[in-house]
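Spelled out, the chains give:
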Amino acid sequence: MPEPVVTAPGPASSHRSVPVSFVRRSRRLSDGQQRLWDEQRPRYLVDVPRAAASTSVAPAFVLDLAAVPPGDGPVVVEIGSGQGDAVVTAASARPGTRFVAVEVYEPGLAHTARSAAAAGVDNLRLVQANAPEVLASALPEASVDEVWVFFPDPWRKARHTKRRLVDEAFLRLVARVLVDGGVLRFASDWEPYAEQVRDLLVAADGFVPHGETTPDGWAPRFEGRVLTGFERKGTAAGRVVHDLAYARTPRG
Ligand SMILES: C[S@@+](CC[C@H](N)C(=O)[O-])C[C@H]1O[C@@H](n2cnc3c(N)ncnc32)[C@H](O)[C@@H]1O
């Protein structure tokens, strides 16, 4: 998995007081891709009012989950959906579930919309925004049945680890949006990051292990996760993929 290269605080951080877990990447869509994205965007992309930065979320904005087809049924939110392989496969297999994919990278969102349209998927909406801001205010409290975070950018260098998406504050935001008994699923092939998240979850208020775990606290591979390019490359490079599954404890 390529590590984003950061030599100085990037433009993605410039309007924010806390570091973000992504860097702004500028690959342009080809003319054909842009045409398709222009066609499919109105169907899949949620219109998000912004605060200061282009991937920010205006604090008053609340996502209308009733507008995600089929209008009711469980809600699954994938954070950092990349090219959309996992979420499109899952949405196609589970038409009664509402899926929301949160991603900052426009070419990834365009690819996701293309795959969704090709698979005839309707029960999916895309949100182009910084995920912590979506969890903090755009999603109502106790509205989500599952949150998925698969292969988040590992930020391997010690001086960059503060940019990792999943930290204590992120887990508090996940606990906010999950329904009682709702599940956070996480997977990473970067062991130090997986261990860090496991340890944070063990210490966090509001979470208990979901289902079976190994003595080290790992969950079995989540069967609902399609094998993506990131996972394949990591495994080919000899890295072990660790899964975590934690359930939200009932509110008091
Ligand atoms: C390493 S990729 C993994 C993609 C996908 N989950 C997979 O397994 O193939 C991580 C993705 O998370 C996205 N991302 C990173 N930080 C994010 C944030 N704060 N909000 C939304 N998306 C983010 C990146 O743009 C990137 O597409």
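Numbering of residues begins from 1 in every chain and follows the order in which that chain's sequence is written. Owing to the predicted nature of the model, reporting of local features is limited to residues with pLDDT of at least 70; listing and counting of side-chain atom pairs is limited to 80 or more, with chain, interface and lining totals taken over all residues. Water and hydrogen atoms were dropped before computing side-chain values, which therefore reflect all heavy atoms in the structure.

Q: Whenever I open this one, the pairing of strand S5 (residues 178-188) confuses me. Can you help?
A: A 1.4 Å probe rolled over the protein chains alone gives each residue an accessible area, and that area as a share of the maximum for its type sets the label: buried under 20%, exposed over 50%, partly exposed in between. By definition, any uninterrupted DSSP run of H or I lasting at least four residues is a helix, any uninterrupted run of E lasting at least two residues is a strand, and each is numbered from the N terminus. Counting buried positions over the eleven residues of S5 gives nine, a clear majority of the element. In this fold, the crossover linking strand S4 (residues 144-150) to S5 by way of helix H5 (residues 168-177) has right-handed handedness. Here the rule is simple: two strands pair whenever DSSP picks up at least two bridges between them. The pairing of S5 with strand S7 (residues 242-248) spans six bridges and is antiparallel. Across the sheet, Leu 184 pairs through a bridge with Tyr 246, a residue of S7. Here is how to tell: hold the view so the strands point away, follow the path from the first strand over the helix to the second, and if it runs clockwise the crossover is right-handed.

Q: I would appreciate a short explanation of the layout of surface pockets in the present structure.
A: To find leftover empty space, a probe the size of one water molecule is rolled over the atoms. Definitions used throughout: a 1 Å grid over protein atoms alone; a cavity as a set of points that fits a 1.4 Å probe which cannot get out; a pocket as an open set with protein on both sides within 12 Å along at least five of seven lines; a lining residue as one with an atom within 4 Å of a point. Grid points are joined across faces, edges and corners, and a volume is the space filled by probe spheres set on the points. Its volume calculated, the second largest pocket comes out at about 270 Å³. Forming the boundary of the second largest pocket are 16 residues, of which Val 18, Pro 19, Pro 132, Leu 165 and Asp 167 lie nearest the centre. At the level of secondary structure, the elements contributing two or more residues to the lining of the second largest pocket comprise helix H4 (131-138) and H5. The element that contributes the greatest number of residues to the lining of the second largest pocket is H5, accounting for three residues. Class assignment for the residues of the lining of the second largest pocket results in eight nonpolar, two polar and six charged. The nonpolar class holds Ala, Val, Leu, Ile, Met, Phe, Trp, Tyr, Cys and Pro. Asp, Glu, Lys and Arg form the charged class, and all remaining residues, Gly among them, are polar.

Q: Explanation requested: the pattern of salt bridges in the structure shown.
A: Think of it this way: side chains of opposite charge can pair up when their charged atoms draw near. The salt bridge definition used is simple: a Lys or Arg side-chain nitrogen within 4 Å of an Asp or Glu carboxyl oxygen. Throughout the structure, instances matching the rule amount to eleven salt bridges. Note that Asp 38 and Arg 41 form a salt bridge whose closest N and O atoms lie 2.7 Å from each other. One end of the pair, Asp 38, and the other, Arg 41, are both in helix H1 (residues 31-44), three residues apart, so they sit about a helical turn from each other. Arg 41 sits in the partly exposed class, given a relative accessible area of 27%. A salt bridge links Arg 221 to Glu 231; the shortest N-O distance between them is 3.1 Å. With Arg 221 in the loop between strand S6 (207-209) and helix H7 (229-236) and Glu 231 in helix H7, this residue pair connects regions lying ten residues apart in the sequence. Residue classification places Arg 221 among the partly exposed positions, given a relative accessible area of 37%. For Glu 231, a relative accessible area of 4% translates into the label buried.

Q: Please clarify how the site of the ligand should be interpreted in this entry.
A: Near residues are defined by distance, with any heavy atom within 4 Å of the molecule or strand qualifying the residue. Residues in close proximity to the ligand total 21 residues, the closest being Ser 21, Gly 80, Glu 103, Asn 130 and Phe 150. A distance of 2.9 Å separates a nitrogen atom of the ligand from a polar backbone atom of Ala 131. Values of accessible area rely on a 1.4 Å probe in the Shrake-Rupley scheme; residue burial ignores everything except the protein chains shown. Protein chains shield 94% of the accessible area of the ligand, which is 600 Å² for the free molecule. A 3.5 Å cut-off defines polar contacts: any pair of N or O atoms within that distance qualifies, except that in protein one atom must be a possible hydrogen donor and the other a possible acceptor, and neighbouring residues in sequence count only when both atoms are side-chain atoms.

Q: Can you walk me through H4 in this structure?
A: Where H4 is concerned, the buried positions are Ala 131, Glu 133, Val 134, Leu 135 and Ala 138. Here, residues are in contact when the closest pair of their heavy atoms is within 4.5 Å. On the buried face of H4, the contacting elements are strand S1 (75-79), strand S2 (98-102), strand S3 (124-127) and H5.

Q: Looking at this model, I keep getting lost on the environment of Ala 138. Mind explaining?
A: By the secondary structure assignment, Ala 138 is in helix H4. Assessed through its relative accessible area of 2%, Ala 138 is described here as buried. Once the C-alpha coordinates of Ala 138 and Phe 61 are considered, the two residues, 77 residues apart in sequence, prove to be 5.5 Å apart. With residues up to four places along the chain from it excluded, the contact list for Ala 138 reads Val 57, Phe 61, Val 62, Leu 63 and Glu 133.

Q: Sorry if this is basic, but what is going on with helix H2 (residues 85-93) here?
A: Along an α-helix, a turn takes 3.6 residues, which lines up residues three or four apart on a common side. Restricting attention to buried positions, one finds in H2 the residues Ala 86, Val 87, Val 88, Ala 90 and Ala 91. Where the residues of H2 are buried, they touch S1, S2, helix H3 (106-118), S3 and S4.

Q: Which parts of the structure should I look at to understand the confidence of the model for the chain?
A: Detailed reading of the predicted model is not advised wherever pLDDT is low. With 94% of its residues at a pLDDT of at least 70, the chain reaches an overall mean of 92. Within the model, the stretch residues 1-13 combines pLDDT values under 50 with 26 contacts to residues more than four positions away or in other chains. Values of pLDDT, ranging from 0 to 100, describe the predictor's confidence in every residue of the model.

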